[in-house]
Amino acid sequence: MKRVVITGAGTVNALGLDVPSTLAAMAEGKCGIGDLNFRDVDRLAIKIGGQIHEWDAEGQFNRQQMALYDRFTQFTLVAAQQAIGQSGLEFVGELALRSGVILGTSGGGLTTQDDNYRMVYEEGKNRVHPFVVPKLMNNAACSHVSMEYNIKGPCYTVATACASSNHAMGQAFNMIRCGMSTAMITGGSESMLCFGGVKAWEGLRVMSKDACRPFSLNRNGMVQGEGAAVFVFEEMEHAQKRGAEILAEVIGFAMTSDASDIVMPSKQGAARAISGAITDARLNKDEIGYINAHGTGTAANDKTECAAVADALGAHADNIMISSTKSMHGHLIGGTGAVELLACIMALKDGIIAPTINYEEPDPECALDVVPNEARDAAVDVALSNAFAFGGLNAVLALRKAP
């Protein structure tokens, strides 16, 4: 089995338009959640989110590209450019054939759908742009990345709601580990912050009107965000031979299905995914120092996740740090696990644990060290990243400090 390392990272999210600014914001405990600004926001009950207000699409893409790129694709391409640029890889010859792209999203081109439904149903137009279908399809982002960088191996999109990015990255990890690929571009993106996107989520009654407070007793719901994070996963020997900087090593992955309820999480399903990742990575429980939690800020999710961590780790659960960065950048749905992986890399590489901000009251059902409100300096060798999705779909990644 091949060893797999991360040699490039890029991101666009409410905390920053690149990795350094995002990690600085996480270390500062900065909140990127604020007032939403788009058409018909006044008709919404929920008016806050992790929106990227400073996004300048016209300044980065030409008119022809804009006709093809939904906002989620735009985010992906910019994050991929950063990640591939940092890695130093050029996809030519054999490497192009032995590399691929696997990305996660849930809504795909939802803003394109929203805009065109409005045109047809509200404005009464009888024609839409001929590129609407290739612009809104969920695989648009991964296809454009493959075309932009001449990547000719496996290329596809994973859609498993809030676990999409973790499932995508886990598949990329396995493809390299088993020898099918040398390098994979992976991660996820999402842009659901439009009238139709937020209005649909309002119907679930799981959204907060004021703040995301994971694990706090007075938490009152999740807050949506948008953006992307993209990584270069690479066979370790290949990376070392070319002298690449290694950000972290990916050492384990597991996925489970609750087979229980379409929206309510299961402690057993989540615990099996955590335990599975630990087993796959050949770890002892006491080696884990940090968990980036799914931590949505809903009453059901947070207490279920804490119970699952306690079940999977036993007594060691009281010794680890677990935080939710959704409190800062919001819940990116299909792209959320990718942005959260940055916090794991920061913990391993820089020894900085991102905090759970907005924490106000201890909850007896979330009685773990949730790193409340302020970042912490701590030496960590192994980290887990949790993702637990609607549909009962769970995916957990295990990472180790760079060798």
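Anything mentioned here points back to the structure above.
A brief report on the enclosed structure follows. Quick caveat, the model's predicted, so the values are computed rather than measured. (Residues numbered from 1 in each chain as written. Predicted model: local features only at pLDDT ≥ 70, side-chain atom pairs only at ≥ 80, totals over all residues. Heavy atoms only, no water.)

Not every positive phi belongs to a glycine, and aspartate 40 is a case in point at roughly 70°. Relative to the assigned elements, aspartate 40 resides in the loop between β2 (34–35) and β3 (48–49). Given the relative accessible area of 19%, aspartate 40 is considered buried. (Helix = DSSP H or I, 4+ residues; strand = E, 2+ residues; numbered from the N terminus. Buried < 20%, exposed > 50% of the residue type's maximum accessible area, 1.4 Å probe, protein only.)

A surface patch of nonpolar side chains, amounting to about 430 Å² of accessible area, comprises Tyr117, Val120, Tyr121 and Val128. Topologically, valine 128 is positioned in the loop between α5 (110–122) and α6 (132–136). The class of valine 128 is partly exposed, set by a relative accessible area of 40%. (Patch = residues over 30% accessible without salt bridge, like charges linked within 9 Å, V, L, I, M, F, W, Y side chains within 5 Å. Areas by Shrake-Rupley, 256 points an atom, 1.4 Å probe, with all protein chains shown as cover. Salt bridge = Lys/Arg side-chain N within 4 Å of Asp/Glu carboxyl O.)

Moving on, we get to the pattern of salt bridges. Opposite charge on two side chains lets them pair, provided their charged atoms get close. Summed over the entire model, instances satisfying the criterion amount to 23 salt bridges. Several salt bridges converge on common partners, so that one network encompasses Arg39, Asp40, Arg43, Asp114, Arg118, Glu122, Glu123 and Lys125.

Turning our attention to the layout of surface pockets. Put simply, the largest pocket is a space of about 710 Å³. What lines the largest pocket is a set of 29 residues, and nearest its centre among them are Arg71, Thr111, Thr112, Asp115 and Lys135. When residues of the lining of the largest pocket are traced back to their parent elements, those giving at least two are α3 (71–87), α5 and α6. With 7 residues, the single largest contributor to the lining of the largest pocket is α5. Residues belonging to the lining of the largest pocket are distributed by class as follows: 12 nonpolar, 8 polar and 9 charged. Quantified by volume, the second largest pocket comes out at close to 300 Å³. Around the second largest pocket, the lining comprises 22 residues; the ones closest to its centre are Val263, Pro265, Thr298, Asn301 and Phe390. Elements with a contribution of two residues or more to the lining of the second largest pocket: α12 (299–313) and β13 (382–389). (1 Å grid on protein atoms, 1.4 Å probe; cavity = no way out; pocket = protein on both sides within 12 Å on 5 of 7 lines; lining within 4 Å. Points joined across faces, edges and corners; volume = space filled by probe spheres on them. Nonpolar A, V, L, I, M, F, W, Y, C, P; charged D, E, K, R; others polar.)

Spanning 14 residues, helix α11 (residues 267–280) covers 20 Å between terminal C-alpha atoms, matching the ideal 20 Å at 1.5 Å per step. Within α11 the residues assigned to the buried category are Gly269, Ala270, Ala271, Ala273, Ile274, Ala277 and Ile278. Residues of α11 that are buried in the fold lie against β8 (248–257), α12, β13 and β14 (393–400). Looking at the residues trailing α11, positive phi occurs at arginine 282, about 55°. (Expected span 1.5 Å × (residues − 1). Contact = heavy atoms within 4.5 Å.)

Per the counting criterion, the structure on display carries 4 aromatic pairs. For the pair tryptophan 55 and phenylalanine 75, a centre-to-centre distance of 4.9 Å together with 80° between the ring planes defines the contact as edge-to-face. Within this pair, whereas tryptophan 55 is found in the loop between β3 and α2 (63–66), its partner phenylalanine 75 is found in helix α3, the two being separated by 20 residues in sequence. Look at tryptophan 55 and you get buried, because its relative accessible area is 12%. Judged by centre distance (5.8 Å) and plane angle (20°), the ring pair of tryptophan 201 and phenylalanine 390 falls under stacked. (Phe/Tyr/Trp six-rings, centres within 6.5 Å; stacked < 30°, edge-to-face > 60°.)

This next bit is on the pairing of strand β1 (residues 4–13). Most of β1 is tucked away: 10 of the 10 residues are buried. Two strands pair when backbone bridges link them, and β1 and β8 are joined in this way by 3 bridges, in the antiparallel orientation. Residue pairing for β8: valine 4 is matched across the bridge by valine 250. Relative to strand β7 (residues 227–235), β1 runs antiparallel, the two sharing 9 bridges. If you follow valine 12 over to β7, its bridge partner there is alanine 228. (Pairing = 2+ DSSP bridges.)

So far we have only geometry, and geometry alone does not tell us how the molecule works.
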